[in-house]
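The chain contents come next:
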Amino acid sequence: MRQSKLFVPTLKESPADAEIASHRLLVRAGFLRKVASGIYELLPLGARVVRKIEGIVREEMNAAGAQEVVLPIMQPRELWEESGRWEKYGPEMMRLKDRAERDFGLGPTAEEVITDLVRTNASSWRDLPINLYQIGDKFRDEVRPRFGLLRGREFLMKDGYSFDRDEEGMRRSYQAMYDAYGRVFTRCGCSWRAVEADTGIIGGDVSHEFMAPAEVGEDDIAWCEDCDYAANVTLAAYRRAEPPWGEGRAPEKVHTPEQRTIAEVSSFLGMEPERFIKCLMFLVEDEPVAVLVPGDREAGEIKLERVLGTGEFRLFGEEDWERFPEYLQGFVGPVGLRASRIIADEALRGAGGMACGANERDYHLTGVDEGRDFTVSFFEDVTLARDGDACPRCGGAMRVEAGIEVGQVFQLGLKYSEPMRCLYDDENGESRPMVMGTYGIGITRVMAAVIEQHHDERGMIWPLAIAPAHLHVLPLNYERENRRAAAEKLYESCLERGLEALLDDREESAGVKFADADLIGIPYRAVIGKGYDEDGSVELQVRETGEKTRMSAEALLDLLAERLGR
RNA sequence: CGGGGUGUAGCGCAGCUUGGUUAGCGCGCAUGCUUUGGGAGCAUGAGGUCGGCGGUUCAAAUCCGCCCACCCCGACCA
């Protein structure tokens, strides 16, 4: 590639609408432009990176026994009715009508289409397992597109689907994909961590997310320093410490005028927040449910959803407090409380000497013991783990850090094959539903995640495997014949040896060339300048470390070939 | 969806509070000359329905109303 001919509009200043590094740098370096909120164009260099990531994904998928297909983006309503997701997906799915007013959705994933494909073309146990994948645009009308490529409304995703005869086969397929995913991210230069995850709208029982640790990540992940336990904090378990003990004293009513929040009451009474019982009121399927958690803990919505068995609930709002005046906002407590259910976090089992609302305006109780002064319907894990909590498996210290979800794998089971009647005949001629798995990688998101993990104040720093080119050839004073000739020769040699090079053949000042090269972030750089005039050497610069070494052009090519494993 | 904010040249911004000539600045772009190991200098020049529609006014980028777009903060996901 010759830079003078390449369409790379670099920018000196950061675009006003880009907040995070990957977005800002992709735009500044001329890889990416925005068309509308959450919808982007990839320019030549951006497209090259994406194609490289795709290449790695293809290699690993094929090696793991999956086969590539191309599925439609525009999908008929009828298929989505069958799975029940036409309703369930809601406004998140982009919808349109054809000229005959028939409904279509733009695929956010392709379980329906692929299940239809397989059920109509595979019917025997001899056909299984089947593992198919595609790489294509996906559409999700996100509530809030954000952070450039990290959360777009149209994005590139690799989605794959496995069909097996039984659970065991599905677990094998799942494991093969899980292992392949790890290799994909490692090869892309993306550091990652696989964590237990919620299954959300895709459904199914077991799921792992592949997280790329990064400060801008929208998820928090909890992981153990001592063992391999790791989970999304939305469902991470943790080992509870011994609850506080009471001193056998009877509960005492204390006057706490206008002290409603835990923070207010705890400083008013001079008691630690963890000695409080926070009593949260939820409206669950139109019934009030009390949830008790330690005063210093947060209830987790996903955990609650699992415990309650429904997603149809909300924390009491203004209108709910008015509708149920027996609950006094700010003074609700478990003692004498009437609710359809009282659910307590495990941490409160056997807790004593606690403080809580007295269910009387401007009063709280102290010296409250669980079991003696109140009882609960059941104890559950409903609070969120946080940094420093004890690992549920080994008791070691857990860390919580932010991550970008770059992939997720699901054991679906019969979630789609049963309603969509994706069946096969087993060896005995009995009809059985196929057992499915589904697997996704956000290709464009991987690109952004890698930048979040690899950049500095001057620009991006690409891992060799997905860099838009291997070598950036920078002749300074390109108009000087000797340097121009040397640069051309080096560039041609790269082409001959199968190395990808970008030649900066522009008659720009050295400063401009260096600045653009830093921004674009090609891992290796060959500077042809003063040193060449002196002894015919070129200077190899490593983008990541800033290391500079003078050597002959031949030596540089050999070194590069070696780094590429060729 | 709720809350906050921004729309002025390709990009980044000023001007708006307190309406009043040809709407400015920097970068970028074009042409010429001089420059060239870290975003060069001088000169000349092109480029704008001031997000849109409506209103107030002798007069609107500026005041008012409605709409649209985009960004940020909270509940969801590759």
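Here the structure is a predicted model, which is why all the values come from computation and not from measurement.

The rules behind each value
Residues numbered from 1 in each chain as written. Chains lettered and ligands numbered in written order. Predicted model: local features only at pLDDT ≥ 70, side-chain atom pairs only at ≥ 80, totals over all residues. Heavy atoms only, no water. Buried < 20%, exposed > 50% of the residue type's maximum accessible area, 1.4 Å probe, protein only. Helix = DSSP H or I, 4+ residues; strand = E, 2+ residues; numbered from the N terminus. Pairing = 2+ DSSP bridges. Domains from an automatic or database assignment. Core = buried A, V, L, I, M, F, W, Y, C linked by side-chain atoms within 4.5 Å. Contact = heavy atoms within 4.5 Å. Salt bridge = Lys/Arg side-chain N within 4 Å of Asp/Glu carboxyl O. Polar contact = N/O pair within 3.5 Å; in protein donor to acceptor, adjacent residues only side chain to side chain. Near = heavy atom within 4 Å. Nonpolar A, V, L, I, M, F, W, Y, C, P; charged D, E, K, R; others polar. Arc of directions from axis to C-beta. Phe/Tyr/Trp six-rings, centres within 6.5 Å; stacked < 30°, edge-to-face > 60°. Lys NZ or Arg CZ within 6 Å of the ring centre and 35° of its normal.

Explain the pairing of strand β14 (residues 277–284) here, please?
Regular strands place side chains that alternate from one sheet face to the opposite one. For β14, the tally of buried residues reaches seven of eight residues, placing the bulk of the element in the interior. Here eight bridges tie β14 to strand β15 (residues 287–294), and the two strands are oriented antiparallel to one another. Residue pairing across strands places Leu 280 opposite Val 291, the latter belonging to β15. With antiparallel pairing between neighbouring strands as the criterion, β14 and β15 make up a hairpin whose turn holds two residues, including Glu 285 at a positive phi of roughly 45 degrees.

Before we go on, may I ask you to explain the domain arrangement of chain A in this structure?
How big an interface is tends to be stated in terms of the accessible area lost upon association of its parts. Assigned domains within chain A: domain 1 (21–188 + 413–451), domain 2 (252–380) and domain 3 (469–563). On a C-alpha basis, the centres of domain 1 and domain 2 stand 42 Å from each other.

Is there a simple way to explain the nonpolar core in this structure?
Soluble globular proteins: nonpolar side chains tend toward being buried together. Within the largest apolar cluster, 56 residues are counted, with the highest numbers of intra-cluster contacts made by Phe 31, Ile 53, Phe 185, Met 447 and Trp 462. Residues from two domains meet in this core; each of domain 1 (21–188 + 413–451) and domain 3 (469–563) gives at least three. When sequence neighbours within four positions are dropped, the list of residues in contact with Met 447 reads Leu 26, Leu 42, Gly 46, Val 49, Val 50, Ile 53, Leu 149 and Trp 462. In this structure, Leu 79, Met 93, Met 420 and Met 434 belong to the second largest nonpolar core, which totals 25 residues.

Can you help me understand the pattern of salt bridges in this one?
If charged atoms from side chains of opposite charge come close, those side chains can pair. Applying the stated criterion across every chain yields a total of 61 salt bridges. Across the pair Arg 77 and Glu 81 runs a salt bridge, and its minimum N-O distance is 2.5 Å. Note that Arg 77 and Glu 81 are positioned in helix α3 (residues 77–83) at a spacing of four residues, about one turn of the helix. A relative accessible area of 28% places Arg 77 in the partly exposed class. Of the charged contacts in the structure, one is a salt bridge between Arg 323 and Asp 286, with a shortest N-O distance of 3.2 Å.

Whenever I open this one, the side chain of Asp 98 confuses me. Can you help?
By the element assignment, Asp 98 lies in the loop between β5 (94–97) and β6 (103–106). One polar contact links the side chain of Asp 98 to the main-chain amide nitrogen of Ala 100, over a distance of 2.9 Å.

Can you walk me through the protein's contact with RNA strand B in this structure?
As a structural note, the neighbourhood of RNA strand B is formed by 53 residues, with Arg 144, Gln 408, Asn 477, Asp 518 and Glu 539 the closest of them. Per the 4 Å cut-off to the protein, sugar and phosphate atoms form 49% of the nearby atoms of RNA strand B. In this structure, a sugar or linking oxygen belonging to RNA strand B sits 2.9 Å away from a side-chain N or O atom of Lys 12. In this structure, a sugar or linking oxygen belonging to RNA strand B sits 3.0 Å away from a side-chain N or O atom of Lys 34. Every element with two or more residues in the surface near RNA strand B is listed here: β1 (32–36), β8 (154–164), β21 (398–413), β24 (435–442), α12 (510–520), α13 (530–535) and β30 (538–542). Ranked by the residues each element gives to the surface near RNA strand B, the list is headed by α12, at seven residues. The class makeup of the residues in the surface near RNA strand B is 18 nonpolar, 13 polar and 22 charged.

Explain helix α7 (residues 262–269) to me, please; I cannot follow it from the model alone.
All of the buried residues in α7 are Ile 262, Val 265 and Ser 266. Along α7, the residues classed as buried sweep out an arc of 100 degrees about the axis, all on the same side. In α7, the exposed residues that point more than 90 degrees away from the buried face are Ala 263 and Ser 267. Those residues of α7 hidden inside the fold are in contact with β14 and β19 (363–368).

Would you mind showing me how to read the pairing of β15 here?
In terms of residue burial, β15 counts as a mostly covered element, since seven of its eight residues are buried. In terms of strand pairing, β15 meets strand β17 (residues 341–345) through four bridges, oriented parallel. Residue pairing in the sheet places Ala 290 in a bridge with Ile 342 of β17.

Please clarify how the packing of aromatic side chains should be interpreted in this entry.
To describe a pair of aromatic rings, you give the distance between the ring centres and the angle between the ring planes. Taken as a whole, this structure holds 13 aromatic pairs when the rule is applied. For the ring pair Phe 185 and Phe 210, a centre distance of 5.7 Å and an interplane angle of 40 degrees mean the geometry is tilted. Taken as a pair, Phe 185 in helix α6 (residues 167–187) and Phe 210 in strand β10 (residues 206–213) lie far apart in primary sequence, 25 residues in all. Exposure remark for Phe 210: the relative accessible area of 0% places this residue in the buried category. Both rings, one in Phe 282 and one in Phe 313, keep their centres 5.9 Å apart while their planes meet at 70 degrees; by these two values the pair is edge-to-face. A residue pair is termed long-range when its members are at least 10 positions apart, and Phe 282 in strand β14 and Phe 313 in strand β16 (residues 313–315) qualify at 31 residues. Like Phe 313, Phe 282 is buried. The lysine or arginine in question, Lys 253, covers the ring of Tyr 363, its NZ or CZ lying 5.2 Å from the ring centre. Looking at Lys 415, its charged tip hangs above the ring of Tyr 416, at a distance of 5.8 Å from the centre.

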